[in-house]
Amino acid sequence: MEPHRKLINSVDGCVDEALCGLVRASGGLALLRGHRVVLRSDPECLRGRVALLSGGGSGHEPAHAGYVGAGMLSAAVAGGVFASPPPASILAAILSLHNAGACGVLLIVKNYTGDRLNFGLAAEQARNCGVAVDVVIVAEDCAFDRPGKAGRRGLCGTVFVHKLAGAMAEEGSSLDQIVAKVTEVLKGTGTLGVSLSPCSVPGCLPSFDLPPGDMELGLGIHGEPGIKRSKVMSADEVVKTMIDHMTDPDSQSCLPLKSGDSVVVCMNNLGALSCLEMAVVTRAAITCLENRGVLVARVMSGSFMTSLEMAGVSLTLMLANEETLRLFDAKTSAPAWPNLSSVCVSGRSFDDTHAEGPLSPVMREVLQMVCSTLLEKQEELNSLDRAAGDGDCGNTHAQAARAIQEWLQGHVVPGCPGRLLSVLAGLVQEKMGGSSGALYSLFLTAAAAHVTEGRSNAAAWAGAMHAGTQAMRRYGGAEPGDRTMLDALCPAADELTKLTTAPPGGQMLILQAAVQRATSGAESTRDLTARAGRASYIAAERLTRPDPGAVAVAAILRAVLESMERQKK
């Protein structure tokens, strides 16, 4: 059996040529002459700051040299493929950083015997030279229920340590402060790998046999087999199995993850999965975690710590608070760090806008009343529309009402009114369709920005109504008097502007007047000539009944009023 072919020049030269390729392609990196050490090309920036050094065997690219840059590592030292770097090179890197003016050097070491020994020896030698050195051992593997004497392995969670420690060092934190922070964060960090294939070191046979159709759970990054073998499952099942294993409370290696926690997710390609597969498993991880009530704050998906050409992934979860996320989001020039959004993945914001609030039951009741009213009026609206259009106005409004009812059954109503209006805009756009769906969605989207949990008084609602109405006019092209829903909506919105100056006791009277003006406006469309919408193509003498869109708006506003009057009793 022949070794797998690789696109290299020689087995002996591939590591040095790969390091040279990285450095030649990256303006911010340099090589330390005589050693496999990659340094920042601006060492003067380290003066008075803590320098960070990591490294390990090659074959895990872009780790670790790809994480050298401002805001991450100061240097990385490489060994041969899957082989720990020699102590002499580690020491040379430490001394280089010390000589550049660093006030201390932190070694970030993955928990493998060779790495611990060689980095430990270099650390002791550096201390004898008067260098302030400390070591953080990363051991966040969740594979083993009962880890042996060697302990848990260091895996892709190491990259999170590079990032957080690097951000702290850039801010001028001390060696002790950085060690304390990353030690605390590592208690809430876990990684688990799964693979559909082994890998092979250049010039060697595959590291283990894995029959077609099988997968290996809990394997490391050096080609060693895992803890459990099973038939290949779907992506969703694989990810669920991984998260179940990682959070199993009976395991000594478990990650203490509970509902309500926030996490940063890293879906790491071990080398040979396609980008399409990576996106599928990333989606599965986000969905699985959210179904457990976990807030996914940030997601990294890509190749961050590989195992040559292994066809698998590792999943890293890191419990996160605001301070951790601040450090995670800090800028870095390291070439392998992805360009990530600093917006929370779950719910698209870090404040809990999905949580219920004091207004939630009120808004739920109002929505229920609006939906039942539209369903009752389905045939009346269809009948009005048959005279003016295609006869489906009642059906489209009923479709929207049923979609909202269905959503209400499976979701809490967020306490933030703007969040609710945004949800409704999405539902209406998707389920209602046609120009009515687009117009209502425009209205709701424009209104949403004007009402938040902290700003939901009567004046804010009046502003929201005005903004929604203006959006309809701007994009729909119609004006009051054109025989459209605006003939009911605009008079009501005008009346509601009085809420900005009304005393609290007079607010219901203004709402009642607004509903009355909407009803009168809808009735007035009997005598108007249609200048917009489908009715504008119909002869004026045939349009003797009110516009169905205007009637629907008046009915919605009356339902809102009646629901609020009922709840006040």
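Predicted, not measured: the structure shown is a model, and the values here were computed from it.

Comments concerning the overall build of the protein
Stage number 1. A count of helical and extended segments in the protein gives 17 helices and 12 strands.
Stage number 2. The C-alpha atoms of the protein give a radius of gyration of 31 Å, which is well past the 25 Å a tight globule of 569 residues would have.
Stage number 3. By principal-axis analysis of the C-alpha atoms, the protein measures approximately 95 × 55 × 45 Å.
Stage number 4. Buried positions account for 51% of the 569 residues belonging to the protein.
Stage number 5. A fraction of 73% describes how many contacts in the protein between residues 6 or more apart in sequence connect residues 24 or more apart.
Stage number 6. A gap of 2 Å separates the mean positions of the 50 positive and 57 negative side-chain charges of the protein.

Examining the sheet that holds strand E5 (residues 104-110)
Stage number 1. The strand order E1-E2-E4-E3-E5-E6 describes an open sheet built from 6 strands, whose pairing is mixed. Strands with a single pairing partner mark the edges of an open sheet, and in this sheet they are strand E1 (29-31) and strand E6 (133-138). Put simply, the sheet's adjacent strands are angled 25 degrees from each other on average, direction ignored.
Stage number 2. In the packing of helix H2 (residues 87-99) onto the sheet, the strands contacted are strand E2 (37-40), strand E3 (50-58), strand E4 (75-81), E5 and E6, and the crossing angle to E3 comes to about 160 degrees.

Digging into the pairing of strand E8 (residues 214-217)
Stage number 1. Alternating positions in E8 separate into two faces, Asp214 and Glu216 on one and Met215 and Leu217 on the other, with burial throughout.
Stage number 2. Here 2 bridges tie strand E7 (residues 189-195) to E8, and the two strands are oriented antiparallel to one another. Within the sheet, the bridge partner assigned to Val194 lies in E8 and is Leu217.
Stage number 3. Judged from the 4 bridges that link them, E8 and strand E9 (residues 228-231) form a sheet pairing that is antiparallel. Directly across from Met215, in E9, lies its bridge partner Ser230.

Observations concerning the nonpolar core
Stage number 1. The biggest cluster of nonpolar side chains holds 63 residues, and the ones touching the most others in it are Leu424, Tyr440 and Leu496.
Stage number 2. Counting residues in each nonpolar core, the second largest holds 60 residues, with Ala63, Val136, Cys199 and Phe328 among its members.

Re the packing of helix H13 (residues 434-448) against helix H14 (residues 458-476)
Stage number 1. Packing of H13 against H14 brings their axes to within 7 Å, and their N-to-C directions diverge by 135 degrees. Classified by the angle between their axes, H13 and H14 sit oblique to one another. Every pair of crossing elements has a handedness; the one defined by H13 and H14 is right-handed. Counted together, Leu439, Tyr440, Leu442, Phe443, Ala446 and Ala447 of H13 and Ala464, Met465, Ala467, Gly468, Thr469, Ala471, Met472, Tyr475 and Gly476 of H14 form the full contact between these two elements.
Stage number 2. The class makeup of the residues in the contact of H13 with H14 is 12 nonpolar, 3 polar and no charged.

Topic: the UniProt feature "domain: DhaK" (unreviewed entry) in the protein
Stage number 1. As recorded in UniProt, the feature "domain: DhaK" (unreviewed entry) lies at residues 10-337.
Stage number 2. As a span, residues 10-337 carries 32% helix and 23% strand, and end to end its C-alpha atoms are 29 Å apart.

Let's talk about the packing of aromatic side chains
Aromatic rings considered in pairs are described by the distance between their centres and by the relative angle of their planes.
Stage number 1. All told, the structure shown has 2 aromatic pairs when counted by the stated rule.
Stage number 2. With a centroid separation of 5.9 Å and an interplanar angle of 75 degrees, the aromatic rings of Phe160 and Phe328 are classed as edge-to-face. Of this pair, Phe160 sits in helix H4 (residues 157-171) while Phe328 is found in helix H8 (residues 322-329), placing the two residues 168 residues apart along the sequence.
Stage number 3. The class for Phe160 is buried, based on a relative accessible area of 2%.
Stage number 4. According to the relative accessible area criterion, Phe328 is buried, its value standing at 2%.
Stage number 5. Taken together, Phe160, Phe328 and Trp337 form an aromatic cluster joined through their ring pairs.

Considerations on the environment of Gln429
Stage number 1. For Gln429, the position within the fold is in helix H12 (residues 417-431).
Stage number 2. Take Gln429: its relative accessible area is 56%, and that puts it in the exposed class.
Stage number 3. In the structure, Gln429 is positioned 13 residues away from Leu442 in sequence and 8.8 Å away in space, judged by C-alpha atoms.
Stage number 4. What Gln429 contacts, discounting residues up to four positions off in sequence, is Gly437 and Ser441.

Looking at unusual backbone geometry
Stage number 1. Cis geometry is adopted by the peptide bond preceding Pro62, which originates at Glu61 and carries an omega value of 15 degrees.
Stage number 2. Positive phi is not limited to glycine here, since Leu308 has a value of about 55 degrees.
Stage number 3. The residue Leu308 is located in the loop between strand E11 (295-302) and strand E12 (312-319) in this model.
Stage number 4. Classification of Leu308 as partly exposed rests on a relative accessible area of 21%.
Stage number 5. Its identity as a non-glycine residue notwithstanding, Arg483 has a phi of 65 degrees, on the positive side.

Some points on the layout of surface pockets
Stage number 1. Estimates place the volume of the largest pocket at around 1400 Å³.
Stage number 2. Lining the largest pocket are 42 residues, with Val366, Trp461, Leu557, Val560 and Met564 positioned closest to its centre.
Stage number 3. Elements that contribute at least two residues to the lining of the largest pocket include exactly helix H9 (360-376), helix H11 (393-410), H12, H13, H14, helix H15 (486-496), helix H16 (507-524) and helix H17 (548-568).
Stage number 4. The biggest single contributor to the lining of the largest pocket is H17, with 7 residues.
Stage number 5. Residue composition of the lining of the largest pocket, grouped by class: 36 nonpolar, 5 polar and 1 charged.

A closer look at the sheet that holds E9
Stage number 1. Read across the sheet, 6 strands follow the order E9-E8-E7-E12-E10-E11 without closing on themselves; strand pairing throughout is mixed. Each having just a single partner strand, E9 and E11 make up the two edges of the open sheet. Taking the axes of each pair of neighbouring strands and ignoring which way they run, one obtains an average angle of 20 degrees across the sheet.
Stage number 2. In the packing of helix H6 (residues 235-246) onto the sheet, the strands contacted are E7, E8, strand E10 (262-269) and E12, and the crossing angle to E7 comes to about 140 degrees.

Concerning the UniProt feature "active site" (unreviewed entry) in the protein
Stage number 1. According to UniProt, the positions carrying the feature "active site" (unreviewed entry) are His222.
Stage number 2. Of note, His222 is situated in the loop between E8 and E9.
Stage number 3. The class of His222 is partly exposed, set by a relative accessible area of 23%.
Stage number 4. Ignoring anything within four residues of it in the chain, the contact list for His222 reads His60, Phe82, Tyr112 and Ser307.
Stage number 5. A polar contact of 3.2 Å, which involves the side chain of His222, links it to the side chain of His60.

Some points on the pattern of salt bridges
Stage number 1. Applying the stated criterion across every chain yields a total of 23 salt bridges.
Stage number 2. Residues Arg298 and Asp329 are paired through a salt bridge, measuring 2.7 Å at the closest nitrogen-oxygen approach. On the criterion of sequence distance, the pair formed by Arg298 in strand E11 and Asp329 in helix H8 is long-range, its members being 31 residues apart.
Stage number 3. Classification of Asp329 by relative accessible area gives partly exposed; the value is 29%.
Stage number 4. Several salt bridges converge on common partners, so that one network encompasses Arg40, Asp42, Arg49 and Glu170.

Scoring rules and cut-offs
- Residues numbered from 1 in each chain as written.
- Predicted model: local features only at pLDDT ≥ 70, side-chain atom pairs only at ≥ 80, totals over all residues.
- Heavy atoms only, no water.
- Helix = DSSP H or I, 4+ residues; strand = E, 2+ residues; numbered from the N terminus.
- Rg over C-alpha atoms; globule rule 2.2 N^0.38 Å.
- Buried < 20%, exposed > 50% of the residue type's maximum accessible area, 1.4 Å probe, protein only.
- Contact = heavy atoms within 4.5 Å.
- Lys, Arg positive; Asp, Glu negative; His and termini not counted.
- Charge placed at Lys NZ, Arg CZ, Asp CG, Glu CD.
- Pairing = 2+ DSSP bridges.
- Axes fitted to C-alpha atoms, helices over the stretch in contact; angles between N-to-C directions.
- Core = buried A, V, L, I, M, F, W, Y, C linked by side-chain atoms within 4.5 Å.
- Parallel < 35°, antiparallel > 145°, perpendicular 65-115°, else oblique.
- Left-handed = near helix turned anticlockwise from the far one by under 90°.
- Nonpolar A, V, L, I, M, F, W, Y, C, P; charged D, E, K, R; others polar.
- UniProt positions renumbered as here; feature names shortened; annotations may be inferred.
- Phe/Tyr/Trp six-rings, centres within 6.5 Å; stacked < 30°, edge-to-face > 60°.
- 1 Å grid on protein atoms, 1.4 Å probe; cavity = no way out; pocket = protein on both sides within 12 Å on 5 of 7 lines; lining within 4 Å.
- Points joined across faces, edges and corners; volume = space filled by probe spheres on them.
- Polar contact = N/O pair within 3.5 Å; in protein donor to acceptor, adjacent residues only side chain to side chain.
- Salt bridge = Lys/Arg side-chain N within 4 Å of Asp/Glu carboxyl O.

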